[in-house]
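Listed below are the residues making up each chain.
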Amino acid sequence: MNFAQLSSVRHRVQLGAPLPFNVRHADTTLLLARGQRVLSEVQLQALFERGALVDLAELQDTREEILKAPREQLPGLWSRSLSVVSQTLMREPDAILVASLDEATRSIQCLIDRDPDLAIFQVVRQGASADINYSAQRPVQSAITAYLVAQRLTWSTEQASRAFNVGLTMNLSMRERQGQLTRHRGSLSAVQREEVNSHPARTMQMLELAGIDDSEWLLAVLQHHEQEDGNGYPTGASQVCELASLVRRADIYTAKLTVRGSRVAMGADQAARQMFMQDPGHPMTAALVKEFGIYPPGCHVRLASGELAVVVARGASITAPMVACLTNERGMPLPAPVRRETSDRKHAVMAVVGQASVNVRVPLERLMEALAA
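This structure is a prediction, so every number in the text was calculated from the model and none was measured. (Residues numbered from 1 in each chain as written. Predicted model: local features only at pLDDT ≥ 70, side-chain atom pairs only at ≥ 80, totals over all residues. Heavy atoms only, no water.)

**Focus: the nonpolar core**
Counting 88 residues, the largest nonpolar core has Trp 78, Ile 112, Ile 144, Val 301 and Leu 367 as the members making the most contacts within it. Ranked by residues supplied to this core, first place goes to helix 7 (residues 134-152) with nine residues. When sequence neighbours within four positions are dropped, the list of residues in contact with Val 301 reads Tyr 295, Glu 307, Leu 308, Ala 309, Val 311, Val 323, Val 349, Ala 351, Val 352 and Val 353. (Core = buried A, V, L, I, M, F, W, Y, C linked by side-chain atoms within 4.5 Å. Buried < 20%, exposed > 50% of the residue type's maximum accessible area, 1.4 Å probe, protein only. Helix = DSSP H or I, 4+ residues; strand = E, 2+ residues; numbered from the N terminus. Contact = heavy atoms within 4.5 Å.)

See the structure below:
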């Protein structure tokens, strides 16, 4: 057996939650069994000081778990993986950040590959995971989007993973400020503007100090707000690497789906059309619009029958997604979600409904049950 220091996987330990692996003494004898709980930071630090170990084989079984899990269990695995990523992003970058990010992103990328529709659901449906705050939610949305679009563009696995990493880390130096600016109204102050303009360079420096030495990753972070027409920032460069170009578009699209200040979230259909109109003919934008479509998983729609539904999977055509009805034609909540085939004219999608006006909330696990029915 091969072992790693418990301290190197600190992000996998949630205080008060069952341990996902066995913890062993420095001599490898069992100390805490899987499922037991570490209740305080003091107890956790004591384990670190004792040189507690974990079996690498137990750390590497997440991918196998994701690949073998029934579809109805995937929402729970998404929630767990997103929680780990959120905790990792909220920590100060240090030498452990590299290993922590690597493990966390492998889990999410595996979940994306296992079920791209559920991945899109995480991007489109605001609050799909209650375990992740805004400062982590936005980069995760951008990272998932960049990864999916990179795959549609037939980028290599390595380059798609790199796009995910750029999307996830590009705003590390703006973590706290990003959430504040979301609620900000009016013009930015001079201090705020300077902080925004300088965050690509500051984030690149943070990643370098954390041990990231991937030059393509670092360059894309530095350039993720530059534009090919020279109207970006901070330098107004027109020579922009492909990674930065892709991630910028993913960031713009996901921002349109998010509530900011007094602005309501844009409907997924409107966001797709606006992206296309603002960037006509660009292959990255075209790939993004094709990947998500006008009725992507996670958006709420009104059917020709009058029923309110949520899209749970893409369909054979962009206008006929798979949906789960939440209400009947009179607007009364259903006891359980009901699957509908929108290729049937009686249940065709008529319009996207803004999430703010939806009063029915159904856990994703129950929506998956409807899809399996």
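**Focus on the environment of Val 221**
Tracing the chain through its elements places Val 221 in helix 11 (residues 215-223). As a C-alpha pair, Val 221 and Thr 203 span 18 residues in sequence and 7.3 Å in three-dimensional space. Setting aside residues up to four positions removed in sequence, Val 221 forms contacts with Val 166, Thr 169, Met 170, Pro 200, Thr 203, Met 204 and Leu 207.

**A closer look at the packing of aromatic side chains**
A full pass over the atoms with the stated rule returns two aromatic pairs. Their ring planes at 85° and their centres at 6.1 Å tell us that Tyr 147 and Phe 164 sit as a pair that is edge-to-face. Linking Tyr 147 in helix 7 with Phe 164 in helix 8 (residues 157-169), this pair joins segments that are 17 residues apart in sequence. Each member of the pair, Tyr 147 as well as Phe 164, carries the same accessibility label: buried. Arranged with centres 5.0 Å apart and planes meeting at 65°, the rings of Tyr 253 and Phe 292 form a pair that is edge-to-face. One end of the pair, Tyr 253, is in helix 12 (residues 242-256); the other, Phe 292, is in helix 14 (residues 283-292), and 39 residues separate them in sequence. You can call Tyr 253 buried: its relative accessible area is 0%. A relative accessible area of 2% places Phe 292 in the buried class. (Phe/Tyr/Trp six-rings, centres within 6.5 Å; stacked < 30°, edge-to-face > 60°.)

**Observations regarding the packing of helix 12 against helix 13 (residues 268-278)**
The N-to-C vectors of helix 12 and helix 13 enclose an angle of 145°; their axes lie 9 Å apart at closest approach. The hand of the helix 12/helix 13 crossing is right-handed. Across the interface between the two elements, Arg 249, Ile 252, Tyr 253 and Lys 256 of helix 12 pack against Ala 268, Ala 271, Ala 272, Gln 274, Met 275 and Gln 278 of helix 13. When grouped by side-chain class, the residues that make up the contact of helix 12 with helix 13 number six nonpolar, two polar and two charged. (Axes fitted to C-alpha atoms, helices over the stretch in contact; angles between N-to-C directions. Left-handed = near helix turned anticlockwise from the far one by under 90°. Nonpolar A, V, L, I, M, F, W, Y, C, P; charged D, E, K, R; others polar.)

**So, helix 8**
Relative to the 18 Å expected for 13 residues at 1.5 Å per residue, helix 8 spans 18 Å between its end C-alpha atoms, a close match to the ideal helical length. Among the 13 residues in helix 8, 11 count as buried, and that is most of the element. For helix 8, the complete set of buried residues consists of Gln 159, Ala 160, Ser 161, Arg 162, Ala 163, Phe 164, Asn 165, Val 166, Gly 167, Leu 168 and Thr 169. (Expected span 1.5 Å × (residues − 1).)

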